[in-house]
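Single-letter residue listing:
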Amino acid sequence: MVKTVALVVAAGRGRRFGGDLPKQYARLGAHTVLRHTVKRLLEHPGVDAVGCVIHPDDRALYDVALDGLDLLAPVNGGETRQDSVRLGLKGLSQLKPKKVLIHDAARPFVSQALIQGVIDALDEHPGALPSVAVADTLKRGHHGLIEDTVSREGLYRAQTPQGFRFDDILKAHEAFAGQELTDDAQLFERAGLTVALTPGAEDNFKITSQEDLMRAERLLVAQNEARTETRMGQGFDVHRLEDGVGDGAFVTLCGVEIAHSRSLVGHSDADVALHALTDALLGAIGAGDIGAHFPPSDPQWKGVSSDRFVRHGAQLVHDRGGEIVNVDITLICEAPKIGPHRDVMVARVAEILAIAEDRVSVKATTTEGLGYTGRGEGIAAQAMASVRLPI
């Protein structure tokens, strides 16, 4: 049974916004403003269905913007916002919802608490409107001069979603069709029905200009950062060197084959750098070590390219909704010389992880002739990985 439906009004042209696209289809981070708005409503457990009212010329934009989301079929809007809402409400009639939330497409930061406040208020009132008390001093002007100071006591800035009992708001829209009213709550006022004030939020602002979009970008970045944490992981590995056979000896480091007089020994391709990097990625998300995922006793990993191990670690990060921020690899050996191959190594690691090259660092050092690396008996590697995960 459908109890509460959200109707997103997305049929406007947004002439004050400027640009080639209506503001609801402008990019905000990785998605459109409209997709951000709709997802906020879809994610609320008290909203049973979400539908949009769109301009008939925008169907292709709509289909791309909301691809993959479970929505009601869109309804074409009318000449004015009031016409669009009325048409959208008629489109919901077959669902017979008890409550409807009417929301502006260009308010992408509506919170779950704000939505809940409106839904709850409809249990006791026929209408509910989220609002923010006016805090600024108000002046009435005339011909560029102050004419009077207006008391701000009891004044509020109206926001959306405005909530109504469905039958009441549909009747009100049908009764006052053709009249120019500022919002849906004003229809209720004309019909003599009460509208409760519920808490709004400063972040629930409406994007009407390019400056608003820039503000929205800053807020989106801040909200994303607040919902994530950065973790660090480290890895260390060592493989011994043995004499090569003929002129074809080489070592594989960071996925790059380098001609050398000796070869690294290991169950896979013995890429000590990528093994350390795999452990760093696994360590950052608390997923054990490379041996737990790829046991050396398992014959299927014999001679396999180590980029498979790294890709597996990266996929586990992505499966948790995370992203790799950067990686730092240090090779410890007397030979071969790493410097001539560093750029190719960086490019290869970046390719494996599908991140930008400037997020990859490959360095080398020696132990001044000390220990097994100093004596040329083996090559060691250390790696650090930084990942960002949702909290």
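As the structure is a computational prediction, the values presented were derived from the model and not from experiment.

Calculation notes
Residues numbered from 1 in each chain as written. Predicted model: local features only at pLDDT ≥ 70, side-chain atom pairs only at ≥ 80, totals over all residues. Heavy atoms only, no water. Helix = DSSP H or I, 4+ residues; strand = E, 2+ residues; numbered from the N terminus. Buried < 20%, exposed > 50% of the residue type's maximum accessible area, 1.4 Å probe, protein only. Contact = heavy atoms within 4.5 Å. Core = buried A, V, L, I, M, F, W, Y, C linked by side-chain atoms within 4.5 Å. Phe/Tyr/Trp six-rings, centres within 6.5 Å; stacked < 30°, edge-to-face > 60°. Patch = residues over 30% accessible without salt bridge, like charges linked within 9 Å, V, L, I, M, F, W, Y side chains within 5 Å. Areas by Shrake-Rupley, 256 points an atom, 1.4 Å probe, with all protein chains shown as cover. Salt bridge = Lys/Arg side-chain N within 4 Å of Asp/Glu carboxyl O. Axes fitted to C-alpha atoms, helices over the stretch in contact; angles between N-to-C directions. Parallel < 35°, antiparallel > 145°, perpendicular 65-115°, else oblique. Left-handed = near helix turned anticlockwise from the far one by under 90°. Nonpolar A, V, L, I, M, F, W, Y, C, P; charged D, E, K, R; others polar.

**Things to note about the overall build of the protein**
Tallying secondary structure elements over the protein gives 12 helices and 19 strands in all. The principal-axis extents of the C-alpha atoms in the protein amount to approximately 95 × 55 × 40 Å. By the burial criterion, 46% of the 391 residues in the protein qualify as buried. Taking contacts inside the protein between residues at least 6 apart in sequence as the whole, the part at least 24 apart equals 71%.

**Quick word on the nonpolar core**
Counting residues in hydrophobic clusters, the biggest one holds 43 residues, and the most contacted among them are Leu253, Leu277, Ile324, Leu331, Met345, Val349 and Leu353. Mapped by element, the contributors of at least two residues to this core are strand 14 (250-253), strand 15 (256-259), helix 8 (272-284), helix 10 (307-319), strand 17 (323-332), helix 11 (342-353), strand 18 (360-365) and strand 19 (378-390). The contact partners of Leu353, leaving out residues within four places of it in the chain, are Leu277, Leu281, Val310, Ala314, Ile324 and Val327. Core analysis: the second largest hydrophobic core is formed by 25 residues, Val38, Leu101, Leu114 and Ile115 among them.

**Digging into the packing of aromatic side chains**
Aromatic rings in a pair are described by how distant their centres are and how their planes are angled relative to each other. For the structure shown, the criterion picks out five aromatic pairs. On the numbers, 6.1 Å between centres and 80 degrees between planes, the contact of Trp301 with Phe309 is edge-to-face. Here Trp301 matches Phe309 in class, with each residue buried. An aromatic cluster of three or more residues is present, and its members are Phe294, Trp301 and Phe309.

**What to know about a nonpolar patch on the surface**
A contiguous nonpolar patch, built from Phe236, Val238 and Tyr372 and spanning about 260 Å² of accessible area, is present on the exposed surface. Position of Tyr372 relative to the elements: it lies in helix 12 (residues 371-374).

**A word on the packing of helix 8 against helix 10**
Two elements in contact, helix 8 and helix 10, have axes separated by 9 Å at closest approach and are oriented at 15 degrees. Between helix 8 and helix 10, the angle falls in the class roughly parallel. Along this stretch, helix 8 crosses helix 10, giving a crossing that reads as left-handed. Taking contact as the criterion, the partners of Leu274, His275, Leu277, Thr278, Leu281 and Leu282 in helix 8 are, on helix 10, Asp307, Phe309, Val310, Gly313, Ala314, Leu316 and Val317. Its residues placed into classes, the contact of helix 8 with helix 10 shows nine nonpolar, three polar and one charged.

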